[in-house]
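# Per-entry structural report
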Amino acid sequence: KALDVVVVGSCMTDLVSQAPRLPKAGETIHGHKFFIGFGGKGANQCIQAARLGVKTAMICKVGKDFFGNNYIQNFKDNEVLTDFVSQTSDEATGAASIIVNKEGENAIVIVAGANMLLGKEELQEALPAIRRAKVLLCQLEINPQTSLQALQMAREHKVKTVFNPAPAISDLDCNFYTVSDVFCCNESEAELLTGCSVADVEDAHRAAQELQKRGCSAVIITLGSQGCVVLKAQESKSIHVPAAAVTAVDTTGAGDSFIGALAFYMADQPAMPLEEMARRANQVAGVSVRAVGTQTSFPSKRNLPAELF
Ligand code: RIB
Ligand code: NA
């Protein structure tokens, strides 16, 4: 059976506090709301793609603990194939401590835990799923070598690859570029990777070219309220795709919503121009920032306008 989108990536339990602002070092402040949610960039992206209506599978590792058990149930509730979700008793399920300020901005600390134990054995076992995928998606919340190997396996089997270098590391292995069909990051990640400031659309055009020079086919740099910049394969000029203005309640996971939606379009409508996929993915992510939480705020097909499909 064909699979549309396969994600090799992270699961985190999000521990979220809403506060008027982010605290300074050594400071204690009062927040007004606390909640626990399902997060982790890999799982978030997978869940967003699944909610838009494609068949998805998640290749990941959680702990043999309460959070891990709950996470597996969450995948099942969202119709994500869990055959390649493994559990370990050596580490706890990944956790993310998140603080959201009144502007909807956030600061996050992740403790990857079990995510770091996902390795080549698990990838070998999941090869039947990887090879029959239309799109494979990876990030950097697991061991980077595991992400790189997954992308390479996908390439060998002619599966389209999307790589999201998040959270970014400044010494990214250069093989990540050559193995990416679409290299998709936000402005701060682009800045860290290129060493040049990415403060506006013009900077983003330049950064996209630099990343493409390093060997990826297409590049997308997301710019929050400014939309994104898309540099297609074999082209030298990038396109700015603006986003509609939205009042942000919580932007946590908006990038994941965008990438999950992008993977959905790549699997579902591969002939669609990349800038059109990005325009639609902007709209999906725009819905997610209007509600609190990560996955809790990701829209499903039935809650979106028909013209997006
Ligand atoms: O991108 C948002 C995600 O980053 C959160 O869900 C949190 O788990 C961190 O991984
Ligand atoms: Na949100």
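One can find the structure itself at the top, above this paragraph.
Residues numbered from 1 in each chain as written. Chains lettered and ligands numbered in written order. Predicted model: local features only at pLDDT ≥ 70, side-chain atom pairs only at ≥ 80, totals over all residues. Heavy atoms only, no water.

Strand order in the open sheet formed by four strands is β3-β2-β7-β8, and the pairing between neighbours is mixed. Looking at which strands have only one partner, the edges of the open sheet turn out to be β3 (33-39) and β8 (106-111). Here the strands of the sheet are splayed against their neighbours by 20° on average, with no regard to which way each runs. Bridge count between strand β7 (residues 95-100) and β8: six bridges; the pairing is antiparallel. By the bridge assignment, Ile98 is partnered in β8 with Ile108. Each of β2 (12-18) and β3 touches helix α2 (residues 66-77); the most contacted strand, β3, lies at about 65° to it. (Pairing = 2+ DSSP bridges. Helix = DSSP H or I, 4+ residues; strand = E, 2+ residues; numbered from the N terminus. Axes fitted to C-alpha atoms, helices over the stretch in contact; angles between N-to-C directions. Contact = heavy atoms within 4.5 Å.)

Let us now look at the coordination of the sodium ion (ligand 2). Binding of the sodium ion (ligand 2) to the protein goes through Asp250 (O), Ser288 (O), Ala291 (O), Gly293 (O) and Ser297 (OG), at separations of 2.5 to 2.8 Å. Each donor residue of the sodium ion (ligand 2) belongs to the same chain, and together they define the spacing D-x37-S-x2-A-x1-G-x3-S. Residue Asp250 is found in the loop between β14 (239-241) and α9 (254-268), and its partner Ala291 is found in the segment after α10 (274-288); the two are separated by 41 residues along the sequence. (Donors = N, O, S within 2.8 Å, 3.2 Å for Na, K, Ca; no water.)

Near ligand 1 lie 13 residues; those nearest to it are Asp14, Gly40, Lys41, Glu141 and Asp256. In this structure, an oxygen atom belonging to ligand 1 sits 2.9 Å away from a main-chain N or O atom of Gly40. One nitrogen or oxygen atom from the side chain of Lys41 is found 2.8 Å from an oxygen atom belonging to ligand 1. Here ligand 1 has 280 Å² of accessible area as a free molecule, and 96% of this is covered by the chains. Elements supplying a minimum of two residues to the shell around ligand 1: β2, α1 (41-52) and β8. For the shell around ligand 1, the per-class residue count stands at four nonpolar, five polar and four charged. (Near = heavy atom within 4 Å. Polar contact = N/O pair within 3.5 Å; in protein donor to acceptor, adjacent residues only side chain to side chain. Areas by Shrake-Rupley, 256 points an atom, 1.4 Å probe, with all protein chains shown as cover. Nonpolar A, V, L, I, M, F, W, Y, C, P; charged D, E, K, R; others polar.)

In terms of burial, strand β11 (residues 182-186) is a largely internal element, four of the five residues being buried. Where strand β10 (residues 160-163) lies against β11, two bridges are found, and the strand directions are parallel. Within β11, the residue paired with Val162 across the bridge is Val182. (Buried < 20%, exposed > 50% of the residue type's maximum accessible area, 1.4 Å probe, protein only.)

Let us look at unusual backbone geometry. Each neighbour pair has its own omega, and for Ala166 with Pro167 the value is -10°, a cis peptide bond. Along the chain, Pro167 falls in the loop between β10 and α6 (175-178). The phi dihedral of Glu79 is positive, around 60°, even though this residue is not glycine. Inspection of the secondary structure assignment puts Glu79 in the loop between α2 and β5 (80-81). The phi torsion at Gln234 lies on the positive side, around 65°, for a residue other than glycine. Mapped onto the elements of the fold, Gln234 is located in the loop between β13 (228-231) and β14.

Here we come to the packing of α9 against α10. One way to put it is that α9 packs onto α10 with a least axis distance of 8 Å and a crossing angle of 140°. Considered as vectors, α9 and α10 are oriented oblique to each other. Of the two elements, α9 crosses α10, and the hand of that crossing is right-handed. Contact residues: Ala254, Ser257, Phe258, Ala261, Leu262, Tyr265 and Met266 in α9; Leu274, Met277, Ala278, Arg280, Ala281, Asn282, Val284, Ala285 and Ser288 in α10. Taken together, the residues of the contact of α9 with α10 sort by class into 12 nonpolar, three polar and one charged. (Parallel < 35°, antiparallel > 145°, perpendicular 65-115°, else oblique. Left-handed = near helix turned anticlockwise from the far one by under 90°.)

For the rest of this paragraph, the subject is a nonpolar patch on the surface. Together, Phe34, Ile36, Phe66 and Phe67 make up an exposed nonpolar region whose accessible area comes to about 440 Å². Those elements that place two or more of their residues in the nonpolar patch are β3 and α2. In this structure, Phe34 sits in strand β3. (Patch = residues over 30% accessible without salt bridge, like charges linked within 9 Å, V, L, I, M, F, W, Y side chains within 5 Å. Salt bridge = Lys/Arg side-chain N within 4 Å of Asp/Glu carboxyl O.)

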